[in-house]
Amino acid sequence: MKEDRLIRTEPLTGAAFAPFGDVLEATGPADKIINQGRCGRFHDRAQLAFADGRAGISLFQAEPRDLPLGLDMMERHPEGSQAFLPMSADPFLVIVAEDAGARPGTPRAFLTQPGQGVNYHRGTWHGVLTPLHPPGLFAVVDRIGAGANLEEFWFDEPYTVDASP
Ligand SMILES: NC(=O)N[C@@H](O)C(=O)O
Ligand code: NI
């Protein structure tokens with residue numbers, strides 16, 4: 001494998017992920033304290049889009065993968081955002097890329113911390129859901145609607161995603 005096809009994982013932070021979407025995490029002070037002081041609300045933390053459709057919540061039960069991981073395809077949803085909210089406290093892999101003219105640029109791979117979810121903004125190139133541990137169960141908030149909302153790009157030469165040393 002050529003060195004330029006190796007993608008090393010980075011820790012997921014809101015700042016690093018900002019060009020691609022939102023990180024959902026209950027860190028720092030809550031925006032609102034509700035429920036008689038017993039609950040912190042981290043309010044309205046994602047930019048959602050469901051063009052000509054509506055929001056839906058689905059459950060994804062995905063097969064856990066191992067690192068190093070071959071990456072041969074990335075996809076995007078031109079009509080809507082897509083949020084992945086883990087239903088377990090296990091890290092998962094988030095692979096994204098800037099647009100490089102109707103194709104992904106060099107991918108970046110982020111490793112989540114337990115308690116983090118992500119929301120891909122409308123049109124963000126991303127790898128498919130990639131849990132690293134069972135059960136691989138996620139709530140997914142994305143667009144339900146008519147028309148095509150999935151664009152795939154297959155790399156001529158796959159990348160390899162691996163943990164940082
Ligand atoms: N195709 C589908 O519903 N899932 C993908 O969009 C994905 O990002 O995993
Ligand atoms: Ni997707």
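By the naming in an unreviewed UniProt entry, the protein is Ureidoglycolate lyase, taken from Aliishimia ponticola. UniProt, in its Subunit (unreviewed entry) section for the protein, records the words "Homodimer." One UniProt comment on the protein, placed under Catalytic activity (unreviewed entry), says "(S)-ureidoglycolate = urea + glyoxylate".

**Section: the coordination of the nickel ion (ligand 2)**
Donor atoms from the polypeptide that bind the nickel ion (ligand 2) are E75 (OE), H77 (NE2), Q82 (OE1) and H126 (NE2), placed at 2.1 to 2.2 Å. Of note is the nickel ion (ligand 2), whose six donor atoms meet at the metal with angles of 75 to 175° in an arrangement that counts as octahedral.

**Some points on the nonpolar core**
Counting 16 residues, the largest nonpolar core has F17, F84, V94, V96, F110, V118 and Y120 as its most contacted members. Counting only elements with at least two residues in this core, the list comes to α1 (14-17), β8 (92-97), β10 (117-120) and β13 (137-145). The element that contributes the greatest number of residues to this core is β8, accounting for three residues. Dropping the residues within four chain positions of it, F84 is found in contact with F60, F92, G117, V118, Y120, L129, F138, A139 and V140. Listed in part, the 14 residues of the second largest apolar core include L71, W125, L132 and Y159.

**What to know about the site of ligand 1**
The full set of residues close to ligand 1 is F60, E75, H77, Q82, F84, H126, V128 and L129. Q82 is positioned such that a nitrogen or oxygen atom in its side chain is 3.0 Å from an oxygen atom of ligand 1. A distance of 3.1 Å is found between an oxygen atom of ligand 1 and a side-chain nitrogen or oxygen belonging to H126. Out of a free accessible area of 270 Å², ligand 1 has 72% covered by protein chains. Tallied by class, the residues present in the shell around ligand 1 amount to four nonpolar, three polar and one charged.

Rules used in this analysis
Residues numbered from 1 in each chain as written. Chains lettered and ligands numbered in written order. Predicted model: local features only at pLDDT ≥ 70, side-chain atom pairs only at ≥ 80, totals over all residues. Heavy atoms only, no water. UniProt positions renumbered as here; feature names shortened; annotations may be inferred. Donors = N, O, S within 2.8 Å, 3.2 Å for Na, K, Ca; no water. Tetrahedral: all angles 85-135°; square planar, octahedral: opposite > 155°, others 65-115°. Core = buried A, V, L, I, M, F, W, Y, C linked by side-chain atoms within 4.5 Å. Buried < 20%, exposed > 50% of the residue type's maximum accessible area, 1.4 Å probe, protein only. Helix = DSSP H or I, 4+ residues; strand = E, 2+ residues; numbered from the N terminus. Contact = heavy atoms within 4.5 Å. Near = heavy atom within 4 Å. Polar contact = N/O pair within 3.5 Å; in protein donor to acceptor, adjacent residues only side chain to side chain. Areas by Shrake-Rupley, 256 points an atom, 1.4 Å probe, with all protein chains shown as cover. Nonpolar A, V, L, I, M, F, W, Y, C, P; charged D, E, K, R; others polar.

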